[in-house]
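Here are the chains, one letter per residue:
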Amino acid sequence: MIDDGFRLMPEQASTLAPSVDLLYYFLLSVSTFFTVLIAVLIVYFSIKYRRGNQQVDRSKGEDHSLWLEVLWMVVPLLISMAIFAWGASLYYSEYRPPDDAIEIRGVGKQWMWKFQHPSGQREINDLHVPLGYPVKLTLISEDVIHSFFVPAFRTKRDVVPGRYTNCWFEATRTGTFHLFCAEYCGTNHSRMIGRVIVMEPAEYERWLANSNMQESPLAAGKRLYEEFRCVTCHRPEGATGRCPPLEGLFGRDVKLVDGTTVPADETYLRESILRPAAKVVAGFEPLMPSYEGQISEEQLIYLITYIKSLAKP
Amino acid sequence: MTAALDRPTSVSPESVSLPKRHYLNSGYTVRSWLFTTDHKRIALLYLVSITAFFVLGGIAATLVRLDLMTPQADLVRSETYNKLFTAHGVIMIFFFLVPSIPAVMGNFLVPLMLGARDLAFPRLNLLSWYVYMVGGVFTLYALLAGGVDTGWTFYAPYSSTYSNTYVMATAVGIFITGFSSILTGLNFIVTIHKMRAPGQVWFRLPLFIWSIYATSIIMVLGTPVLAITLVLVGLERLLGLGIFDPRLGGDPILFQHLFWFYSHPAVYIMILPSMGVVSEIIPCFCRKRPFGYEFIGFSSFAIAAFSFLVWGHHLFVSGQSIYAGLVFSMLSYLVAIPSAVKVFNWTATLHKGSISFDTPMLYALGFVGLFTMGGLTGLFVAALAVDVHVHDTYFIVAHFHYIMVGGAVMGYLGAIHFWWPKMTGRLYPEGWARLSAILIFVGFNLTFFPQYILGYLGMPRRYHIYPPEFQVLNVMSSAGASILGVGYLFPLTYLIWSLFYGKVASANPWRAAGLEWQTPSPPPTENFARTPVVRHEAYDYPAIDNQQVEEGLR
């Protein structure tokens, strides 16, 4: 919870937090052990072998020892490789969202956070999420690089203009938690803070129902698809021959005219809407006009949501 | 052994007088300083200019810490705060830490330690200083005229498209100064290869030379990448090419790759020379060969080599591929090994030594302690999942200040105190100097240790205002900073005092090994009356002490 006064550890409010803290405590013990070891040795040697002390045996003061030096290369190597493997496995799961996660879209801009829930509710600087459900965030920035950071969840992801980034979490405590922008983003960087509000699932449902209902991203996407005249070429009933069909496109690998292959993910779709000539599908002419400057990040998200829905007829 | 032999400073000072002719009095005119090609005088030019930059960077840091005493912005506005931390970072990194030991101590010591009359390219050396000053003045103008608010990292697209501050002028200044770094590195490499005294084979070189050599390699290979990166930012600002602008097909993450390809190795430009200094000081005040000379020497090269392979650990949360994260994390751990080797070797050098605690030794021991803590917290930062949490928080601020202030600055002050008698021919007041070393150690820890906790709690860096629960730790940090500041004012005062009133130093007040001590203090312009011939390893302290015992018995 926010405003808890002085403490030495942040709250644990996600499934990830205890496992990150465990690794943290392990690192803390390893580094305390070595710091104390070095400090004790320095103080002990300093006192025992101080110049004034003539009562001490200084003969055979070695200036090298191969086994000792190999030992203190191998031991740190083993310890650090263990830490690497531990940290890596956590990181791997941290950035691989589960398939059934609730997908919330977030847009960062100087200096605010804008979120939209799957059923259409929008909010600024607040993010309501249900307790005990995995939540996947798909994030993009309208201007500079920001970073989505919730200390109580031990999670952070840069929010980059021009590409979608993801992170996910599953909250384990209800309450209100800090949401910070962690990447320096200009004058009011330190004011770009929000709150993550974790609610009981039923309460979250109530909140969704009571908050200002908007058109859902899917519906908005369908509407935009017609407004931007995408429908002229990309017709749902089948390819006209002039343009690649969008049905079942999302998640597939696409063959390009230059012979390479790209996965049709969100970043690819976004690029193809803004710069259609950049990666042209094999067998097609670059006929499509660019929508650069005519479409906002939010509208892009709606369109892509709609195109994704075409993937599962 | 007699007590008189044990305490070098107790050799009666009346018996020593300054040499009649030395590099400092070989000309008094401004011209004789500004057009000098004497590496020792150039070192002093650097010393004066670098100290001025350190004071400026320190003032910016003081204002930042004062402002953070309260959670709300009570001292300056956000714009000003952002310019202050940027000025602090830019000045301290590019105009103090990177040139500090190489340009001041390296310039002074490399020829002396090699038994040479000067660096390989004396006029290039003078040019390096002018290039440094031109870049410095340019940047200073930018910082004072209007300031920059990008942070010293200049992340695009904020720096390339959005910031309305003096980004161009600052970048041009840093770009120019980079050439000074490249020229200095080049000069050192050639000098170390070609100008060693007869008999001074590689394995008889002082460890300071090994570390300066490794540093020079990074300077020559890494700095051009920074220069190119800044040129790209400049082109982007002026012409809108779209290299980093995603609206034009560019990639903002590309900037981070380019920037850290230089700036991670640059951390080792700052720390390797200090490691070299400590490897000189500890053996001298232990009267003992350094434990594992070869391991310390080669670990400098290992650090230099690995330093180029780990830049991606600054991008763990940037959205780079998970697998790139894994590779960079593993490589980062490899740098820890040679660093650990050095710490263990220094500690083992103390074993069965005959240890005295003069000021340089206090700084060296302080360095070992603080570098150990900075290095070990590097394990946290390289551990992927923990880094995700602490990335861009005060944990990082604490970590790199432990390395760059606790490490690099402690080493620099140790070096100044160790070689001050050689540079000026004067001794400083030992009591005040020891007090300052202790003050700096205590003040430093009080300033930066709370920031580790602050960071793990989640306080992001570069925050002008912050939630009130972080205030207690911030106040502790600011209080520590005031002790640290006072600690820094001490040497500034008594070192200047010593120039006029300090006791005259003998040629070798520490009875140290190393060719630089075999010429008068301060040395004559040509360094050595006759080219010395090296017949021993670099640190034969047992032989030095035995010889003095024999002379004492005679």
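Residues numbered from 1 in each chain as written. Chains lettered and ligands numbered in written order. Predicted model: local features only at pLDDT ≥ 70, side-chain atom pairs only at ≥ 80, totals over all residues. Heavy atoms only, no water.

Trainee: Could you give an account of the overall build of chain B, naming the residues involved and the relevant values?
Mentor: Helices and strands together make up the secondary structure of chain B, namely 18 helices and zero strands. For 554 residues, the compact-globule estimate of 2.2 N^0.38 gives 24 Å, and the C-alpha radius of gyration of chain B, at 23 Å, lies within 12% of that figure. For chain B, the spread of C-alpha atoms along the three principal axes comes to 80 × 45 × 45 Å. Residues classed as buried in chain B amount to 65% of the 554 residues present. Sequence-distant contacts in chain B: of pairs separated by 6 or more residues, those separated by 24 or more amount to 83%. Accessible area of chain B: about 18500 Å², with a carbon and sulfur share of 70%. Computed over 31 positive and 25 negative side-chain charges, the separation of the two mean positions in chain B equals 9 Å. (Helix = DSSP H or I, 4+ residues; strand = E, 2+ residues; numbered from the N terminus. Rg over C-alpha atoms; globule rule 2.2 N^0.38 Å. Buried < 20%, exposed > 50% of the residue type's maximum accessible area, 1.4 Å probe, protein only. Contact = heavy atoms within 4.5 Å. Areas by Shrake-Rupley, 256 points an atom, 1.4 Å probe, with all protein chains shown as cover. Lys, Arg positive; Asp, Glu negative; His and termini not counted. Charge placed at Lys NZ, Arg CZ, Asp CG, Glu CD.)

Trainee: Tell me about the interface of chain A and chain B, and name the residues and values.
Mentor: Each side of the interface is counted separately: chain A has 88 residues, and chain B has 94 residues. Between chain A and chain B lies a buried interface of about 7900 Å² when both sides are counted; carbon and sulfur atoms form 67% of it. Three residues, Arg51(A), Tyr91(A) and Tyr184(A), lead the burial of chain A against chain B; their summed loss comes to 12% of the area buried on that side. Joining chain A to chain B, the criterion identifies two salt bridges. (Buried area = accessible area lost by both parts, 1.4 Å probe. Salt bridge = Lys/Arg side-chain N within 4 Å of Asp/Glu carboxyl O.)

Trainee: With reference to specific residues and values, describe the state of the cysteines.
Mentor: In total, this model carries zero disulfides over all chains according to the counting rule given. With no disulfide partner, Cys167(A) has as its closest neighbouring cysteine sulfur the one in Cys181(A), 13 Å distant. In this model Cys284(B) remains outside any disulfide bridge; the closest cysteine sulfur is found in Cys286(B), 9.1 Å from its own. (Disulfide = S-S within 2.5 Å.)

Trainee: Outline helix 4 (residues 78–97) of chain B, supporting the account with residue identities and numerical values.
Mentor: All names here are of chain B. End to end, helix 4 covers 27 Å across 20 residues, agreeing with the expected 28 Å (1.5 Å per residue, within 8%). Ile91 marks the point of greatest bend in helix 4, at about 25°. Counting buried residues along helix 4, 17 of its 20 residues qualify, which places the element largely inside the surrounding structure. (Expected span 1.5 Å × (residues − 1). Bend = angle between axes of the 7 residues up to and from the residue.)

Trainee: If you had to explain the sheet that holds strand 1 (residues 102–109) of chain A to someone new, which residues and values would you point to?
Mentor: All names here are of chain A. Taken in spatial order, the five strands make up an open sheet running 3-2-1-5-8, and their pairing is mixed. Two strands lie at the open edges of the sheet, namely strand 3 (122–124) and strand 8 (165–170), each paired on one side alone. The average angle at which neighbouring strand axes cross in this sheet is 25°, direction not considered. Relative to strand 5 (residues 134–141), strand 1 runs parallel, the two sharing seven bridges. Within the sheet, the bridge partner assigned to Gly108 lies in strand 5 and is Ser141. On the sheet, helix 7 (residues 297–310) packs against strand 1, strand 2 (112–116), strand 3 and strand 5 and is oriented at approximately 155° with respect to strand 1. (Pairing = 2+ DSSP bridges. Axes fitted to C-alpha atoms, helices over the stretch in contact; angles between N-to-C directions.)

Trainee: Could you give an account of the packing of helix 1 (residues 16–48) of chain A against helix 13 (residues 359–382) of chain B, with specific residues and numbers?
Mentor: The contact between helix 1 of chain A and helix 13 of chain B brings their axes to 9 Å, and the two run at 165°. One element, helix 1 of chain A, and the other, helix 13 of chain B, form an angle in the roughly antiparallel class. In the packing of helix 1 of chain A onto helix 13 of chain B, the handedness of the crossing is right-handed. For the pair formed by helix 1 of chain A and helix 13 of chain B, the contact residues are Tyr24(A), Leu27(A), Leu28(A), Ser31(A), Phe34(A), Thr35(A), Ile38(A), Ile42(A) and Ser46(A) on the first element and Leu365(B), Val368(B), Thr372(B), Met373(B), Leu376(B), Leu379(B) and Phe380(B) on the second. Each residue belonging to the contact of helix 1 of chain A with helix 13 of chain B can be placed in one class, and the counts come to twelve nonpolar, four polar and no charged. (Parallel < 35°, antiparallel > 145°, perpendicular 65-115°, else oblique. Left-handed = near helix turned anticlockwise from the far one by under 90°. Nonpolar A, V, L, I, M, F, W, Y, C, P; charged D, E, K, R; others polar.)

Trainee: For the sheet that holds strand 6 (residues 146–150) of chain A, give the residues involved together with the corresponding values.
Mentor: Residue and element names in this part refer to chain A. Ordered by their spatial adjacency, five strands build an open sheet running 4-10-9-6-7, and the pairing between neighbours is mixed. If you trace the sheet from one side to the other, it starts and ends with strand 4 (126–130) and strand 7 (155–159), each paired once. Adjacent strand axes in the sheet meet at a mean angle of 25°, parallel and antiparallel pairs treated alike. Sheet analysis places strand 6 next to strand 7, joined by five bridges and oriented antiparallel. By the bridge assignment, His146 is partnered in strand 7 with Val159. Its contacts with the sheet put helix 3 (residues 201–210) on strand 4 and strand 10 (194–199), and the angle it makes with strand 4 is roughly 135°.

Trainee: Talk me through the nonpolar core; I want residue IDs and the actual numbers.
Mentor: Phe148(A), Phe153(A) and Met105(B) are the most contacted members of the largest nonpolar core, which has 235 residues in total. Core analysis: the second largest hydrophobic core is formed by 30 residues, Val107(A), Cys230(A), Ile273(A) and Ile301(A) among them. (Core = buried A, V, L, I, M, F, W, Y, C linked by side-chain atoms within 4.5 Å.)

Trainee: Please give an account of the pairing of strand 5 of chain A that cites residues and values.
Mentor: Residue and element names in this part refer to chain A. The element strand 5 is extensively covered by neighbouring structure, given that eight of its eight residues are classed as buried. In this sheet, strand 8 lies alongside strand 5 in antiparallel orientation, the contact comprising six bridges. The residue of strand 8 that forms the bridge with Leu139 is Thr165.

Trainee: Please give an account of the environment of His417(B) that cites residues and values.
Mentor: Residues and elements named next belong to chain B. As for its placement among the helices and strands, His417 is situated in helix 15 (residues 394–424). Distance in space between the C-alpha atoms of His417 and Phe298 is 26 Å, their sequence separation being 119 residues. Among all residues touching His417, those that are not within four sequence positions of it are Thr359, Pro360, Tyr363, Tyr428, Ala433, Pro491, Tyr494 and Trp510. Within the local environment of His417, its side chain forms a polar contact with the side chain of Tyr494, the two groups lying 2.6 Å apart. (Polar contact = N/O pair within 3.5 Å; in protein donor to acceptor, adjacent residues only side chain to side chain.)

Trainee: Outline the packing of aromatic side chains, supporting the account with residue identities and numerical values.
Mentor: A complete count under the given rule lists 74 aromatic pairs over all chains for this structure. Ring geometry for Phe54(B) versus Tyr488(B): centroids 5.1 Å apart, planes at 85°, classification edge-to-face. Of this pair, Phe54(B) sits in helix 3 (residues 39–67) while Tyr488(B) sits in helix 17 (residues 471–501), and the two are 434 residues apart along the sequence. For Phe54(B), a relative accessible area of 17% puts it in the buried group. The interplanar angle of 80° and the centroid separation of 5.4 Å between the aromatic rings of Trp210(B) and Phe298(B) together place this pair among those described as edge-to-face. Of the two residues, Trp210(B) sits in helix 9 (residues 207–239) while Phe298(B) sits in helix 11 (residues 293–307), which places them 88 residues apart along the sequence. The ring of Phe149(A) carries Lys156(A) above its face, with NZ or CZ at 3.8 Å from the centroid. (Phe/Tyr/Trp six-rings, centres within 6.5 Å; stacked < 30°, edge-to-face > 60°. Lys NZ or Arg CZ within 6 Å of the ring centre and 35° of its normal.)

Trainee: Hey, could you go over the environment of Ile281(B) for me, with residue numbers and the actual values?
Mentor: Residue and element names in this part refer to chain B. Among the structural elements, Ile281 can be located in helix 10 (residues 252–286). Overall, the relative accessible area of 1% leaves Ile281 in the buried class. Remark: the alpha-carbon pair of Ile281 and Phe418, spanning 137 residues in sequence, is separated by 7.4 Å.

Trainee: Please provide a residue-by-residue account of the pattern of salt bridges, values included.
Mentor: Summed over all chains, the structure comprises 27 salt bridges over all chains. Of the charged contacts, one joins Asp540(B) and Arg289(B) as a salt bridge, the two residues approaching to 3.2 Å between their closest N and O atoms. Here the residue Asp540(B) occupies a position in the loop between helix 17 and helix 18 (541–553), and Arg289(B) occupies one in the loop between helix 10 and helix 11, the gap between them amounting to 251 residues. On the accessibility criterion, Arg289(B) (24% relative accessible area) is partly exposed. Each of Asp63(A), Arg289(B), Glu537(B) and Asp540(B) takes part in a single network of salt bridges with overlapping partners.

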